[in-house]
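If you want the building blocks of each chain, they are given just below.
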Amino acid sequence: MQASRLRSTLQGYTLTGIEDPEACTLTWAGPCHSPSYCEQASDGEGRGDTEMMQQETAPVPDLSKETKQPKECFLMQPKETKEDATKTRKRRKKKITDVLAKSEPKPGTPEDLQKLTKDYYSSNRSVIELEELNLPDSCFLKANDLTHSLSSYLKEICPKWVKLWKKHNEKKSVLMLIICSSAVRALELIRSMTAFRGDSKVMKLFAKHIKVQEQVKLLEKHVVHLGVGTPGRIKELVKQGGLNLNPLKFLVFDWNWRDQKLRKMMDIPEIRKDVFELLEMEVLNLCKSESLKLGLF
């Protein structure tokens, strides 16, 4: 209370301190301009000094009792700038699907199959054995130049198909095999070859919803001219004796077609493995004897 009275009467003093006016100190800023106070001070120096000392030594409230609560601080995550986003995009590695999507499709050639064969067996075969795996150029038919449908391509490589299949009456065998990467693709191929097959008998040779034993029984009961399927199931039928490859005249690979991931059939490790195992069974010997022809669709 004394500090507040003194502040109202003394204009020569300025208050410095924290927000609370009671918790402050007094500092002298110049000569006194209050007449009433100066008259009282002129009555005696001792009296004025005593009052000044009493007023200056007025008790000051303890600030520790009224401490403020600390404020919470939050660290904000810096926003990503355009430059950072650009750097991130530059670091992103290109996927094979990105490259294939932008590249122009190239038709397969017999050299592609020869190279894949060498690469596949190079780690576990000697030089002499690799030479034995080479396919003669004479066994290859004209490859698809990406302008043909399946029917038109088959008509080009086998123009006498009608006469050929009418002479065929041997069970557990086919005259033509078309190898692809999946059951769904096999069904697409069967639908697209209607103009070529005519009245010849076609059989699905894949594993989806069809057991091996069921296919073996069908091959034993019926004469089949054309088979379309996956290399894994065809290989299994040959192993179990349900399919004889000796009467086979044409083996066509669905070489250039790509799936949703832009993979060709030989880009899939499981399919590639089954194809080469099938080639080793009897196909290589039949090709070297020139009784079997290979085509790349």
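It should be emphasised that the depicted structure is a prediction, and the values quoted were computed from it without experimental measurement.

Scanning the protein for helices and strands turns up 14 helices and seven strands. Within the protein, the fraction of its 297 residues that count as buried is 34%. Only carbon and sulfur atoms are counted for the fraction: they give 54% of the accessible area of the protein, which is about 19,700 Å².

Here we come to the packing of helix α12 (residues 212-221) against helix α13 (residues 231-239). When two helices pack together, their arrangement is given by the angle between the helix axes and by the axis-to-axis distance. Running from N to C, α12 and α13 cross one another at 65 degrees; their axes reach a closest spacing of 11 Å. Once α12 is placed against α13, the crossing between them reads as right-handed. Residues Val 212, Gln 215, Val 216 and Leu 219 of α12 form the contact with α13, whose own contacting residues are Arg 233, Glu 236 and Leu 237.

Take Asp 254: it is sitting in the loop between β6 (250-253) and α14 (269-288). Filtering out sequence-adjacent residues up to four positions away, Asp 254 remains in contact with Ile 179, Cys 180, Arg 185, Leu 189, Met 265 and Phe 297.

This brings us to the nonpolar core. Of all hydrophobic cores here, the largest spans 40 residues; its most connected members are Leu 245, Leu 251, Phe 253, Val 283 and Leu 294. Counting only elements with at least two residues in this core, the list comes to α6 (110-121), β3 (176-179), β4 (202-205), α12, α13, β6, α14 and β7 (293-296). Take this core: its biggest share by element is nine residues, from α14. Setting aside chain neighbours within four positions, we find Leu 251 in contact with Leu 177, Ile 179, Val 283, Leu 292, Lys 293, Leu 294 and Gly 295. In this structure, Ile 157, Trp 165, Met 193 and Phe 206 belong to the second largest nonpolar core, which totals 24 residues.

About the cut-offs
- Residues numbered from 1 in each chain as written.
- Predicted model: local features only at pLDDT ≥ 70, side-chain atom pairs only at ≥ 80, totals over all residues.
- Heavy atoms only, no water.
- Helix = DSSP H or I, 4+ residues; strand = E, 2+ residues; numbered from the N terminus.
- Buried < 20%, exposed > 50% of the residue type's maximum accessible area, 1.4 Å probe, protein only.
- Areas by Shrake-Rupley, 256 points an atom, 1.4 Å probe, with all protein chains shown as cover.
- Axes fitted to C-alpha atoms, helices over the stretch in contact; angles between N-to-C directions.
- Left-handed = near helix turned anticlockwise from the far one by under 90°.
- Contact = heavy atoms within 4.5 Å.
- Core = buried A, V, L, I, M, F, W, Y, C linked by side-chain atoms within 4.5 Å.

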